[in-house]
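As a plain string of letters, each chain reads:
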Amino acid sequence: MIALRLALGIGLLFIVSLIIFGATELLPGDLAQQILGQGATPETLAALREQLGLNDPAPVRYWNWLSGALTGDFGVSLSNGRPISELIGARLGNTVFLALYAAALAVPISLILGILAALWRNSIFDRAANAGALTAISFPEFFVAYILVLWLAQTGLFPSMVRINPTTTFGDRIYMTFLPALTLTLVVTAHMMRMTRAAIINLMASPYIEMARLKGLSPLRIVLRHALPNALAPIINVIALNLAYLITGVVVVEVVFVYPGLGQLMVDAVSNRDIAVVQAVALIFAGAYVALNLIADVLSTITNPRLMHRR
Amino acid sequence: MGFATSVLLGLAGLFALAWVLRAGARSILTGQSRSIANDIPLTAAFGLLVIAIYAAVAIAAPALAPFPEREIVGGQFQAWSAEHLLGTDRIGRDMLSRLIYGARNTVGIAFATTALAFVVGSILGLWAALTGGWLDQVLSRFVDALMSIPALIFSLLLLTIFGTSVLTLILVIAAVDATRVFRLARAVAQGIVVMDYIEAAKLRGEGAWFLIRREILPNAMAPLVAEFGLRFCFVFLTISSLSFLGLGIKPPTADWGSMVRDNATLITFGDVTPLLPAGCIALLTVAVNFVVDWQLHRASGLKES
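Residues numbered from 1 in each chain as written. Chains lettered and ligands numbered in written order. Predicted model: local features only at pLDDT ≥ 70, side-chain atom pairs only at ≥ 80, totals over all residues. Heavy atoms only, no water.

Draft legend 1. Local environment of the overall build of chain A. Each helix and strand in chain A was counted, giving 14 helices and zero strands. Tracing chain A from N to C terminus, the helices and strands come up as α-α-α-α-α-α-α-α-α-α-α-α-α-α. Expressed as lengths along the three principal axes of its C-alpha atoms, the size of chain A is roughly 85 × 60 × 35 Å. Among the 311 residues that make up chain A, the fraction classed as buried is 46%. Surface summary for chain A: the accessible area is close to 15300 Å², and the carbon and sulfur share equals 66%. Positive and negative side-chain charges of chain A, numbering 19 and 15 respectively, have mean locations separated by a distance of 21 Å. (Helix = DSSP H or I, 4+ residues; strand = E, 2+ residues; numbered from the N terminus. Buried < 20%, exposed > 50% of the residue type's maximum accessible area, 1.4 Å probe, protein only. Areas by Shrake-Rupley, 256 points an atom, 1.4 Å probe, with all protein chains shown as cover. Lys, Arg positive; Asp, Glu negative; His and termini not counted. Charge placed at Lys NZ, Arg CZ, Asp CG, Glu CD.)

Draft legend 2. Summary view of the nonpolar core. Counting 156 residues, the largest nonpolar core has Ile20(A), Phe142(A), Tyr146(A), Met266(A), Phe285(A), Phe244(B) and Trp256(B) as its most contacted members. The biggest single contributor to this core is helix 11 (residues 219–256) of chain A, with 16 residues. In this structure, this core is formed jointly by two domains, domain 1 (2–70) and domain 2 (89–308) of chain A, each of which donates at least three residues. In contact with Tyr146(A), not counting residues within four places along its chain, are Val256(A), Phe244(B), Val260(B), Ala264(B), Ile267(B) and Leu275(B). (Core = buried A, V, L, I, M, F, W, Y, C linked by side-chain atoms within 4.5 Å. Domains from an automatic or database assignment. Contact = heavy atoms within 4.5 Å.)

Draft legend 3. Fine view of unusual backbone geometry. Residues and elements named next belong to chain A. Phi angles above zero are rare outside glycine, and Val258 is one such case at about 50 degrees. For Val258, the position within the fold is in the loop between helix 11 and helix 12 (262–271). With relative accessibility at 39%, the residue Val258 sits in the partly exposed group.

Draft legend 4. Region of interest: the confidence of the model for chain A. Residues with a pLDDT of 70 or more make up 95% of chain A, whose mean pLDDT is 82. Across chain A, the secondary-structure element scoring lowest on mean pLDDT is helix 2 (residues 31–36) of chain A, at 68, and the one scoring highest is helix 10 (residues 207–214) of chain A, at 89. (pLDDT = per-residue confidence, 0-100.)

Draft legend 5. Structural detail: the domain arrangement of chain A. Residue and element names in this part refer to chain A. With domains assigned, chain A is organised as domain 1 (2–70) and domain 2 (89–308). Computed over C-alpha atoms, the centres of domain 1 and domain 2 are 33 Å apart. Listed as interface residues are 15 residues of domain 1 and, on the opposing side, 15 residues of domain 2. Carbon and sulfur atoms make up 80% of the surface buried where domain 1 meets domain 2, a total of about 1300 Å² over both sides. Its largest share of buried area at the contact with domain 2, domain 1 owes to Ile2, Arg5 and Ile20, together 38% of the area lost on that side. Applying the counting criterion to the domain 1 and domain 2 interface returns one salt bridge. (Buried area = accessible area lost by both parts, 1.4 Å probe. Salt bridge = Lys/Arg side-chain N within 4 Å of Asp/Glu carboxyl O.)

Draft legend 6. Focus on the packing of aromatic side chains. What the rule picks out here adds up to 17 aromatic pairs over all chains. Where Phe21(A) meets Trp65(A), the ring centres are 5.7 Å apart and the plane angle is 35 degrees; that geometry is what we call tilted. Note that Phe21(A) is positioned in helix 1 (residues 2–25) and Trp65(A) in helix 4 (residues 58–70), a separation of 44 residues in sequence. Accessibility assignment for this pair places Phe21(A) and Trp65(A) in one class, buried. Arranged with centres 6.1 Å apart and planes meeting at 75 degrees, the rings of Tyr146(A) and Phe244(B) form a pair that is edge-to-face. Residue Tyr146(A) is located in helix 7 (residues 141–153), and its partner Phe244(B) is located in helix 10 (residues 208–244); the two belong to separate chains. We note that Tyr146(A), like Phe244(B), is buried. These aromatic residues form a ring-pair network of at least three members: Tyr54(B), Phe111(B), Phe118(B), Phe228(B), Phe232(B), Phe236(B) and Trp256(B). (Phe/Tyr/Trp six-rings, centres within 6.5 Å; stacked < 30°, edge-to-face > 60°.)

Structure representation (structure tokens):
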């Protein structure tokens, strides 16, 4: 069961890499021509084609690209000639740090809010939380980010730009990345909270909950001991989906806070039309997305005995 | 904060106006439209009012805007004054006028993109569900594969390849979004194609296009309309984000996303002006979400007890 799912996940990763590579084949004209522009002489064009390996047939180039990517060698940037792995290196760590930071804030907050909203269903708290969540979902990320800047950075509490380098201590990092992390938290919490609430309310209608209620258990005990374990599978899925969402959310937030991460690298590469860098970063983002969904599937299978031991 | 209070007052005013209009509609209308007016929650009435205001502003933009969209009419970053109600932007264009024209450009482009995604996605989805067999399999697996890449990342990849003009922006976002519409349209239609009346129409010898247009589409309309609202919000936010990143609609065309980016420096000085376009985006998205919520509620036949 789980082995099958893992095999499917690896197959999916393979297809994703194929799409990302295949997209460049759609490029109108020739990559070498793109880089050098119209004024290039035939000799320099031929030389660059040779250097980029454009004369090889597409399957060979795909194989070279993929095997390179798997060993951490993504080739060189088309706009400045630096190795892409060098560009990605530190930025990957920064982006992962920001996403984990936001997740560490968002997951507990949204679970608690979601459970409370389900517990006090249709109360003022529930209605306020729902309206707040719907509003937060509707806001563009940069709007949330700038409101926080206006509100918290203006007073000098937190820096509005993140200047981190390898020597920054962990404590400073936490402090300096607080605003970007809070922005991401606000954006994903809304969604996670709504889904948690829906999952629990759905379960609260089942007969065994009715039974527990008739036995005279306290509402909190019913939610925590009876409803929550069975709601774990949908909740895990929601968390994974939102972590996957964080991956794309970081792109905008990194630009707002001038955070040296992968998202900013990708945006710069898109405006320079540096296809090699875009491909590499897209592969990392898409890979993380597929992996998170895979982990969610496996975890929700493990937490559900009926799926785990299927007859 | 004086500004925050005035925003809250403005929103409260809109809610009050929505309430008054709803009360008016209840007393004037009769028949079926009367029952809708009776049924509509205040949030949805507010949403409809806001959408109507946006549409009016977008249509009447040249008449409403005090200055032309692209002309430099003053100094850089002028403060709010009687002449320039919301001041001027980074190179001296009138903020209010650009905000008004933005309703036309940003919302118009987002709407066109959503409509395109819907036409392509739903026709393919209904067709796949109707035909079944290998066509369905090929299209569905292809869409599954495309959907395994996050939408924003895939859009960025395609924009790198095809360049960043408004036309490619519309086509790229529509293509990425059509995959999501396809999924829903196919799922909805699969419940419909097994009905007897479809079988009867097939036996009458009707073609696929007639079946899609006259038999399936009318029955699949309700979920598709609600989905249109949700998709519009999504497309609208994506396009604004891309414009904000400098990869979507570009100056001198007035666009809310790029206006935020252009004037963002003011925010660090405590000026709220650059937030206004972002606020316009947020307000419209909230309004559409309210209306969609109401429609979904109506379609599912749920009643608040």
